[in-house]
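What the coordinates show
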Amino acid sequence: MDQQKSPKSFKRYTVTSALPYANGPVHIGHLAGVYVPADIYARYLRARGRDVIFIGGSDEHGVPITIKARKEGVTPQDVVDKYHYMIMESFEKFGISFDVYSRTSADIHHSTASDFFRKLYENGKLAEKESEQFFDEANNQFLADRYITGTCPHCSYEKAYGDQCENCGTSLSPNDLINPKSVLSGNKPIMKKTKHWYLPLQDYEPMLRQWILEGHKHDWKTNVYGQCKSWIDQGLQPRAVTRDLDWGVKVPVEGADGKVLYVWFDAPIGYISATREWSQETGKDWEPYWKSDDSKLVHFIGKDNIVFHCIIFPSMLHAEGSYILPENVPANEFLNLEGDKISTSRNWAVWLHEYLEEFPDMQDVLRYALCAAAPEAKDNDFTWKDFQARNNNELLAIYGNFVNRTLVLTHKYFDGKVPARSELSDYDKKTIDQMEKYPEIIAKSLETYRFREALSELMNLARLGNKYLTDNEPWKLFKTDPERVATILNINLQICGALAVLSEPFLPFTSRKLLEMLSLEMVSWDNGAKPEILKAGHIINQPALLFSKIEDEQIQFQIEKLQQTREVNQNEESIDVNPLKEDISYEDFARMDLRIATITTAEKVAKTKKLLKLTLDSGVDTRTVVSGIAECFTPEEVIGKQVVLLANLRPKVIKGIESYGMILMAEGQDKKLTFLHPGAVIKNGSIIS
RNA sequence: GGCGGGGUAGCUCAGGUGGUUAGAGCGUCGGAUUCAUAACCCGAAGGUCACGAGUUCAACUCUCGUCCCCGCUACCA
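Residues numbered from 1 in each chain as written. Chains lettered and ligands numbered in written order. Predicted model: local features only at pLDDT ≥ 70, side-chain atom pairs only at ≥ 80, totals over all residues. Heavy atoms only, no water.

As for the overall build of chain A
Quick reminder of the rule: By the criteria applied, helices consist of DSSP H or I runs no shorter than four residues and strands consist of E runs no shorter than two, each listed in order from the N terminus. Residue contacts are counted whenever heavy atoms from the two residues lie within 4.5 Å of one another. Computed with a 1.4 Å probe, the accessible areas rest on the Shrake-Rupley method; for each residue, only the protein chains presented here act as cover.
A tally of regular secondary structure across chain A gives 21 helices and 28 strands. Long-range pairs, those at least 24 residues apart, make up 73% of the contacts in chain A with a sequence separation of at least 6. Summed over its atoms, the accessible surface of chain A is roughly 32700 Å², and 48% of this surface lies on carbon and sulfur atoms.

Pasting the structure below:
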């Protein structure tokens, strides 16, 4: 739609796909949400002869990678190397047609990101907070704003946060707080000198309002637009660009040892670095793709990335000054797997590299299934049964079958030579007419990022062919009217040719196979459905089956494989335990006053999801405790329970309620909480030691 | 709790600015057919458009409220 509404006509296209995080392989969720649509879009643009660069790469910085490395006893570089190559290889085998697939640990990225930062820095676009920051000595770390509480200078509320006062809603900075405390240790944090740089997002609010809320009200997807509006209306805050970490892009400023760029800052710059890498390899100029007004920049991402690509990265680009902003960010929702959320850590996924091995030469089947079920407007569920049905009932039955019956008939009646058309009936003309409309029909859907609709239109082209063939029944006419049969098959062959061309963005492997069967060279999109694609007299090759039936056993195997994952996950409760904490002395332990107590009343705390306000009979007194268990227990089922109480924990105000102590709970798998009971009923106030 | 998105046939989804019998694909059932990987083609059944109220001559489409799912966010001593 933006294509039609925009007065601009674009000379070139810059298509980016979210950089996969290099701490695990790629799975179907990534593919359905990002890479399949992005690849279809890029291939379509190329087919139209547009100048397009399609960018991908691995995101290799950030804390999770360092944690994984430590856990496995290897370096962060080892971790990212492993997954980078694995991801890159599986993308290539799957037919994701990147013009460049780079990585953020590459030198060119470090220098690009570094330069980007330095330019903002030198032009005064970054707020430098060189002042002292709160530091928790007990935990040996600097405290983020949210980890500091204190008294609000405006309303005197005692439990205001470092970034905002919950009571009066005022935005704060930690320095505003009177009597600050560390949330981590409860200690008073010391001031320690550190230097960090911030991107003042609030400065770009007018720009963002105009650009998104006014300029893209109608051409951006509602989920994307709504999310952006929500962020902007909530008020934007300065966002730290740097942090204290040793894995990432070094901050290129004197006195910034031990600091790197925040991963959210360096990752999107990776798109630019990758383009520069491509430039070096091809000798082409990269800058027009990023800096020329007649370039159309499109980011394909999942919904978790909306804020970065619609708010933060555009602010960075705008601050830098020489870059264009994205024309659209068609973010998708999430794909679930057999009813459950896909999870890398829980191994609940269909991994691309495994699929490629278990379903060799069936890339297009997955591409088809994922595109047809892409979570464009809401989360969607991938099931193996659906996958099987998509292949057997649609790809094979409609598309494959149509091609096969046409080619078989052509060989049977005309020895594989394309017969000439003679006089055309109204039905013939109508059919040719409809066929010729498909490049435009499909294009219209693709230009507006409606990939499911586009794919379904492609199938309608095959349906058109099937219906035409069935209605005309050439197998009944051959003996009496071979000339008529020639015309019918000629038209059918043209439809096969159109399918070969128009399928390419969606089903590139099938497209190639079909072209080969037809002994045809690829033609441009606009000429893709002309009735002269196959000239009379042209010899076609022997047909082979484009798709094979997927049997129940194969599906059953996959379902059982997932079932095993489910079981493993349940058993892993005992395996995946947290490491032991540091030793403490008996005295440390003895300082805790643990007692048996009984819950006498319970009610939900208003405006919270997790909190219950409990009254306890502790044997020595009656006290109020606020506990975060409301997601696991209703107030009713909790009353009367005997529990373990940490009785001498320093009181704390939670959501305006004074809480004296804490109920001890054990947390099981999937965050389910359970109470600790005494083995027998025992009097309240009994000491635990 | 706040904000955003979504709740339409068994399944997956379409349904600009409200207007005749609410659409498609798949599945199901029936018919027809044999060129084709029991596929294709035709037809049918199937929906109180989450629920309640309101605005209107008229609401799936607008307003308000409620419930459920997803995400962001707050909260979990």
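Still to come is the rest of the account.
Comments concerning the environment of Leu297
In this fold, Leu297 is placed in strand β15 (residues 295-300). Remark: the alpha-carbon pair of Leu297 and Val52, spanning 245 residues in sequence, is separated by 9.9 Å. For Leu297, the contacting residues outside a window of four places in its chain are Thr14, Thr16, Trp290, Ile324, Leu325, Pro326, Glu327 and Asn328.

Some details on unusual backbone geometry
Heads up, the condition is: Using a 1.4 Å probe on the protein chains alone, a residue whose accessible area is under 20% of its type maximum counts as buried, one over 50% counts as exposed, and one in between counts as partly exposed.
Positive phi is not limited to glycine here, since Asp361 has a value of about 60 degrees. Classification of Asp361 as exposed rests on a relative accessible area of 53%. With a phi close to 55 degrees, Asp415 is a non-glycine residue in the positive phi region.

What about the protein's contact with RNA strand B?
To keep it simple, the criterion reads: In these notes, residues near a molecule or strand are those with any non-hydrogen atom within 4 Å of it. N or O atoms closer than or at 3.5 Å make up a polar contact, with two conditions inside protein: a donor-capable atom paired with an acceptor-capable one, and, for residues adjacent in sequence, both atoms drawn from side chains. Gly counts as polar in this scheme, as do all residues outside two lists: the nonpolar Ala, Val, Leu, Ile, Met, Phe, Trp, Tyr, Cys and Pro, and the charged Asp, Glu, Lys and Arg.
Neighbouring RNA strand B are 55 residues, the closest being Ser230, Lys341, Arg405, Gly628 and Leu649. Backbone atoms, meaning sugar and phosphate, form 78% of the atoms of RNA strand B found within 4 Å of the protein. Here a sugar or linking oxygen of RNA strand B sits 2.7 Å away from a polar atom, N or O, in the side chain of Lys303. With 11 residues, the top contributor of residues to the surface near RNA strand B is helix α13 (residues 384-414). For the surface near RNA strand B, a count of residues per class yields 19 nonpolar, 15 polar and 21 charged.

Points about the confidence of the model for chain A
Put simply, the test is: Note on scores: pLDDT gives the predictor's confidence for each residue, bounded by 0 and 100.
Model confidence for chain A is summarised by a mean pLDDT of 88, while 89% of its residues fall at 70 or above. At the level of individual helices and strands, chain A shows its lowest average pLDDT in helix α1 (residues 2-5), which scores 38, and its highest in helix α9 (residues 287-291), which scores 98. Counted against residues more than four places away or in other chains, residues 1-7, with its pLDDT under 50, gives 15 contacts. Segment residues 167-171 is flagged for pLDDT under 50; beyond a separation of four residues in sequence, or across chains, it makes 13 contacts in the model. We note a pTM of 0.85 for the whole complex and an ipTM of 0.91 for its interfaces.

Concerning the pairing of strand β20 (residues 612-617)
Threshold: By definition, two strands form a pair when at least two bridges between them are found by DSSP.
Of the strand pairs in this sheet, strand β19 (residues 594-604) and β20 are connected by 6 bridges, and their pairing is antiparallel. Paired with Lys604 across the two strands is Leu612, which belongs to β20. Across 6 bridges, β20 lies against strand β21 (residues 622-627) in antiparallel orientation. Across the sheet, residue Lys613 finds its bridge partner in β21, namely Val626. Counted along the chain from β20 to the antiparallel partner β21, the turn is 4 residues long, and its residue Gly619 has a positive phi close to 90 degrees.

Description of the packing of aromatic side chains
Quick note on the threshold: A pair of Phe, Tyr and Trp rings is counted when the ring centres sit within 6.5 Å of each other, with Trp represented by its six-membered ring. The angle between the planes then sorts it: under 30 degrees is stacked, over 60 is edge-to-face, the rest tilted. Throughout this description, the term charge over a ring refers to an Arg CZ or Lys NZ atom that lies within 6 Å of the ring centre and within 35 degrees of the ring normal.
Per the stated rule, a full pass over the model turns up 37 aromatic pairs. Judged by centre distance (5.5 Å) and plane angle (55 degrees), the rings of Tyr41 and Phe300 are tilted. Note that Tyr41 is positioned in helix α2 (residues 28-47) and Phe300 in strand β15, a separation of 259 residues in sequence. The pair formed by Tyr41 and Phe300 is uniform in burial state, with each residue classed as buried. Ring centres of Phe382 and Phe387 lie 6.2 Å apart, and the angle between their planes is 50 degrees; on these two criteria the pair is classed as tilted. Ring pairing ties together the aromatic residues Phe116, Phe117, Tyr121, Trp197, Tyr262, Trp264, Phe265, Tyr271, Trp290, Phe313 and Tyr323, which thus form one cluster. In this structure, Lys291 packs its charged tip against the face of Tyr323, placed 4.8 Å from the ring centre. Between the NZ or CZ atom of Arg367 and the centre of the ring of Phe94, over which it lies, the distance is 5.9 Å.

Re the sheet that holds strand β2 (residues 51-58)
Under the convention used in this document: All axes here are fitted lines through C-alpha atoms, helices being fitted over the stretch that makes contact, and every angle between N-to-C directions spans 0 to 180 degrees.
The strand order β3-β2-β1-β15 describes an open sheet built from 4 strands, whose pairing is parallel. Pairing within the sheet leaves two strands with one partner each, and these edge strands are β3 (100-103) and β15. Strand-to-strand twist across the sheet, computed as the mean angle between neighbouring axes with direction ignored, equals 20 degrees. As defined by bridge partners, β2 adjoins β3 across 4 bridges and the pair is classed as parallel. Bridge pairing in β3 places Ser58 opposite Arg103.

Points about the packing of helix α5 (residues 107-122) against helix α10 (residues 306-320)
Operational definition: Throughout, a crossing is termed right-handed when the near helix is turned clockwise from the far one, and left-handed when it is turned anticlockwise from it by less than a right angle.
The N-to-C vectors of α5 and α10 enclose an angle of 65 degrees; their axes lie 9 Å apart at closest approach. For the pair α5 and α10, the sense of crossing is left-handed. Contact residues: Phe116, Lys119 and Leu120 in α5; Met316, Leu317, Ala319 and Glu320 in α10. Class assignment for the residues of the contact of α5 with α10 results in 5 nonpolar, no polar and 2 charged.

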